[in-house]
Amino acid sequence: MVKRGRPRTFDRTTALRRAMEVFWQRGYQGASLSELTAAMGIASPSLYAAFTSKEALFREAVDLYNATEGSAPQRALDSDGSARSAIEAMLRHNARAYVDPANPSGCLVVLAATAGLPESDEVRRFLAECRERDIADIRRRIARGVAEGDVPAGTDPEPIARFVGAIVQGMSLQARDGATRAQLDGVVDCAMAAWDRLVSGERSAA
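Residues numbered from 1 in each chain as written. Predicted model: local features only at pLDDT ≥ 70, side-chain atom pairs only at ≥ 80, totals over all residues. Heavy atoms only, no water.

Novice: Break down the UniProt feature "DNA-binding region" (unreviewed entry) in the protein for me, citing the residues and quoting the values.
Specialist: UniProt's entry tags residues 32–51 with the feature "DNA-binding region" (unreviewed entry), counted in the numbering of this structure. With 80% helix and 0% strand, residues 32–51 has end C-alpha atoms that lie 15 Å from one another. (UniProt positions renumbered as here; feature names shortened; annotations may be inferred. Helix = DSSP H or I, 4+ residues; strand = E, 2+ residues; numbered from the N terminus.)

As structure tokens, this is what we get:
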């Protein structure tokens with residue numbers, strides 16, 4: 001029997017990885033179809049046949065980013081030991097990864113759609129949900145620390161998780177602006193000093 005239709009002449013996984021890198025570097029709005037197809041080594045019809053739309057391609061690219069680049073910080077966060085050591089390990093990993101010359105700087109989920117045209121509103125909401133899930137993971141790790149006794153009883157995980165999330169997001173932006181590994185490690189040093197005061201219940205005088 002003669003097979004109908006043209007077979008795919010590209011490796012979908014490789015093409016998706018290349019698209020992810022374009023979105024990571026250029027952002028959702030800044031990544032043009034011509035840049036994406038050139039990086040993926042395919043024509044526009046093949047892109048739409050394989051991924052249906054630019055937004056669908058982007059969502060798959062974010063899923064790939066989370067499954068690959070996001071796996072190490074997640075493992076650090078889920079590791080045994082204290083909540084403090086897990087948070088610090090996650091932040092130290094990000095300080096290295098955000099300035100790794102082998103990849104675009106910063107974090108795709110933080111940087112890809114902070115602003116744009118109205119048609120990218122759905123993408124911004126999608127990425128906001130991704131960032132909220134990241135904060136929820138941090139919150140759960142702090143709550144686990146409370147349950148396991150290495151974070152003082154009565155500690156409210158919510159504001160501390162949002163503080164740590166703000167550190168992660170700020171490090172990503174500073175990395176894109178050219179911050180060095182040493183500078184980001186300095187941010188982590190300050191964050192962990194703040195952690196010690198936050199979980200001890202100390203607050204600055206108003």
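Novice: Which residues make up the pattern of salt bridges, and what values go with them?
Specialist: Evaluated as defined, the whole model comprises 19 salt bridges. For the salt bridge of glutamate 55 with arginine 59, the shortest nitrogen-to-oxygen distance reads 3.1 Å. Highlighted residues: glutamate 55 and arginine 59, both in helix H4 (residues 54–68), separated by 4 residues, approximately one helical turn. Its salt-bridge partner being arginine 181, residue aspartate 185 comes within 2.9 Å of it at the nearest N-O pair. Of this pair, aspartate 185 and arginine 181 both sit in helix H10 (residues 181–200), 4 residues apart, which is roughly one turn of that helix. (Salt bridge = Lys/Arg side-chain N within 4 Å of Asp/Glu carboxyl O.)

Novice: Describe in detail H10, supporting the description with residues and values.
Specialist: It helps to recall that an α-helix has 3.6 residues per turn; residues three or four apart then point in one direction. In this model, H10 (20 residues) spans 29 Å end to end at C-alpha, consistent with the 28 Å of a helix rising 1.5 Å per residue. For H10, the set of buried residues is Leu184, Asp185, Val188, Ala191, Met192, Trp195 and Val199. Projected down its long axis, H10 carries its buried residues within an arc of 110°, all on one side. Looking at H10, the residues exposed on the side facing more than 90 degrees away from the buried face are Ala182 and Cys190. Where H10 is buried, its residues touch helix H6 (83–97), helix H8 (121–148) and helix H9 (157–176). (Expected span 1.5 Å × (residues − 1). Buried < 20%, exposed > 50% of the residue type's maximum accessible area, 1.4 Å probe, protein only. Arc of directions from axis to C-beta. Contact = heavy atoms within 4.5 Å.)

Novice: I'd like a description of the side chain of arginine 141, backed by residues and values.
Specialist: Among the secondary structure elements, arginine 141 is positioned in helix H8. Although arginine 141 is buried, it makes no salt bridge; glutamate 148 carries the closest opposite charge, 4.6 Å away. Side-chain polar atoms of arginine 141 contact the backbone oxygen of glycine 81, separated by 2.9 Å. Dropping the residues within four chain positions of it, arginine 141 is found in contact with Leu77, Ser79, Gly81, Ser82, Ala83 and Ala86. (Lys, Arg positive; Asp, Glu negative; His and termini not counted. Polar contact = N/O pair within 3.5 Å; in protein donor to acceptor, adjacent residues only side chain to side chain.)

Novice: Outline the nonpolar core, listing residues and values.
Specialist: Generally speaking, soluble globular proteins have nonpolar side chains that are buried together. Ranked by internal contacts, the top residues of the largest apolar core, which has 59 residues, are Phe23, Phe58, Leu91 and Leu108. Tallying contributions element by element places helix H1 (residues 12–30) first for this core, with 8 residues. Apart from the residues within four sequence positions on either side, leucine 108 is in contact with Met20, Phe23, Trp24, Phe58, Val62 and Tyr65. (Core = buried A, V, L, I, M, F, W, Y, C linked by side-chain atoms within 4.5 Å.)

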